[in-house]
Amino acid sequence: MKTEEVKKSAFVHVSVLSQELVAYLEISPAGHYLDATVGGGGHSQLILAAAPDVRLTVIDRDAEAIAAAQAKLAPYGDAVQFWQGNFAQYQPGERLFDGIIADLGVSSAQLDLPERGFSFRHPAKLDMRMDQRQSLTAADIINHWDEVQLADAFYQYGEERLSRRIARRIVEQRPLQTTTELADAIASCVPRKYRYGRIHPATRVFQALRIVVNQEMESLETFLNQAPHWLKPGGRIGIISFHSLEDRLIKHRLRDSPLLQVLTKKPITPQAEELQENRRSRSAKLRFAQRREWGMGNRE
């Protein structure tokens, strides 16, 4: 029991753009909302507290996130339903929601727990699985994919311009078993000015690996195609992203959906106060759209 309590307390995620998200969601009394990436439950708690008799369905791949959210949202009892899994695989049946939110990417807790392998700040196994039930890990990719596959992944998902050079060095030095071994291999093959630049030279490769391990872009595309059908007429969907690949996909899918009216022509970004309090919020972008009152779509 003590070990489980430690895990719950260790999973601490600072929610970003919370005030803006709640304001745009226009939460109504007795409304039913979907938090597709509950994390530690920060956004969910604000939604539940915003109006009386609100109900919430929450999703997350990460069992530790679900456990942390269950503890945080326990005072709301049966008003909250939990589902562990990939939001792209969720099926609400005939249920329609008054609003849907998703806060994408890796959480603060996942970055700060060394054993999860998301960060190169601490030595840990190359894992990066959001759902520990899946078999594919970052180590499998690094040690078994060929050089061209690695370079393509780093370029496509990390926008890493030195992808070929880095892939070549990884193949030369593998097997690589830990986060710090991989980070050191990357740093050893880039120019000095790149090595000591604004961000660590391994940052983009680690982003690419995480995206590939968790099939994040494919899952997001599926979710964006399905989620508008889960909204009631007038219901709103808000999605927070943290890198240009996600934001670009969200922008186009919300704009191109015949069921949605875009509410944010430009993404909402954190204000100065939030940037000062939470440095990790600096890359966050929030986009919102609303289900049109007409055209109930194929599902209904």
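Residues numbered from 1 in each chain as written. Predicted model: local features only at pLDDT ≥ 70, side-chain atom pairs only at ≥ 80, totals over all residues. Heavy atoms only, no water.

## Quick notes on the packing of helix H2 (residues 18-25) against helix H3 (residues 42-49)
Where H2 meets H3, the axes come as close as 10 Å, and the angle between the chain directions of the two elements is 45°. Our classification of the angle between H2 and H3 gives oblique. As for how H2 packs across H3, the hand of that crossing is right-handed. For the pair H2 and H3, contact is made by Ser18, Leu21, Val22 and Leu25 and by His43, Leu46 and Ile47, respectively. Considering only residue class, the contact of H2 with H3 consists of five nonpolar, two polar and no charged. (Axes fitted to C-alpha atoms, helices over the stretch in contact; angles between N-to-C directions. Helix = DSSP H or I, 4+ residues; strand = E, 2+ residues; numbered from the N terminus. Parallel < 35°, antiparallel > 145°, perpendicular 65-115°, else oblique. Left-handed = near helix turned anticlockwise from the far one by under 90°. Contact = heavy atoms within 4.5 Å. Nonpolar A, V, L, I, M, F, W, Y, C, P; charged D, E, K, R; others polar.)

## Topic: the sheet that holds strand E5 (residues 231-241)
The mixed open sheet is built from seven strands, whose spatial order is E3-E2-E1-E4-E5-E7-E6. A strand with exactly one partner marks an edge of an open sheet, and here the two such strands are strand E3 (80-84) and strand E6 (260-262). Sheet twist, expressed as the average angle between the axes of neighbouring strands with direction ignored, equals 20°. In this sheet, E5 lies alongside strand E4 (residues 97-103) in parallel orientation, the contact comprising six bridges. Within the sheet, the bridge partner assigned to Ile100 lies in E5 and is Ile237. The sheet strands contacting H2 are strand E1 (32-35), E4, E5 and strand E7 (285-291), and the helix crosses E7 at an angle near 10°. (Pairing = 2+ DSSP bridges.)

## Points about the nonpolar core
Core analysis: the biggest nonpolar cluster contains 59 residues, and Phe154 and Phe223 have the highest contact counts within it. If one sorts the elements of this core by residue count, helix H11 (residues 203-213) sits on top with seven residues. Among all residues touching Phe154, those that are not within four sequence positions of it are Ile142, Glu159, Glu160, Ser163, Ile166, Ala167, Ile170, Val205, Ala208 and Leu209. Counting residues in hydrophobic clusters, the runner-up holds 23 residues, among them Val16, Leu17, Ile27 and Phe288. (Core = buried A, V, L, I, M, F, W, Y, C linked by side-chain atoms within 4.5 Å. Buried < 20%, exposed > 50% of the residue type's maximum accessible area, 1.4 Å probe, protein only.)

## Details of unusual backbone geometry
The peptide bond linking Arg174 to Pro175 adopts the cis configuration, its omega dihedral lying at 15°. Structurally, Pro175 can be placed in the loop between helix H8 (163-173) and helix H9 (179-187). Within the chain, Leu17 stands out as a residue other than glycine whose phi angle is a positive 50°.

## Observations regarding the pairing of strand E2 (residues 55-60)
Two faces belong to every sheet, and in a regular strand the side chains alternate between them. Counting buried positions over the six residues of E2 gives five, a clear majority of the element. Of the crossover connections in this fold, the one passing from E1 over H3 to the parallel E2 is right-handed. Looking at chain direction, E2 and E3 are connected through five bridges and run parallel. Looking across to E3, one finds that Asp60 is bridged to Gln84. Where the polypeptide runs from E2 across helix H4 (residues 63-72) and back to E3, its parallel neighbour, the crossover connection is right-handed. (Right-handed = clockwise from strand over helix to strand, strands pointing away.)

## Comments concerning the layout of surface pockets
Gaps between atoms show up when a probe of the same size as a water molecule is rolled over them. Roughly 290 Å³ of volume is contained in the second largest pocket. In terms of lining, the second largest pocket is formed by eleven residues, of which the most central are Ser18, Gln19, Glu20, Glu274 and Glu277. Of all the elements in the fold, those that place two or more residues in the lining of the second largest pocket are H2 and helix H14 (272-277). (1 Å grid on protein atoms, 1.4 Å probe; cavity = no way out; pocket = protein on both sides within 12 Å on 5 of 7 lines; lining within 4 Å. Points joined across faces, edges and corners; volume = space filled by probe spheres on them.)

## Structural notes on the packing of aromatic side chains
On inspection of all chains with the given rule, the structure shows six aromatic pairs. Ring geometry for Trp83 against Tyr90: centres 5.4 Å apart, planes inclined by 65°, an arrangement best described as edge-to-face. Taking relative accessible area as the criterion, Tyr90 reaches 4% and is therefore assigned buried. When the ring of Phe223 is compared with that of Trp230, the centres are 6.0 Å apart and the planes differ by 70°; the resulting orientation is edge-to-face. Per residue, the accessibility class of Phe223 equals that of Trp230, and both read buried. Every member of this aromatic cluster is reached through a ring pair, and the members are Trp83, Phe87, Tyr90, Phe223 and Trp230. (Phe/Tyr/Trp six-rings, centres within 6.5 Å; stacked < 30°, edge-to-face > 60°.)

Fair warning: the whole summary comes from geometry, so function is off the table for now.
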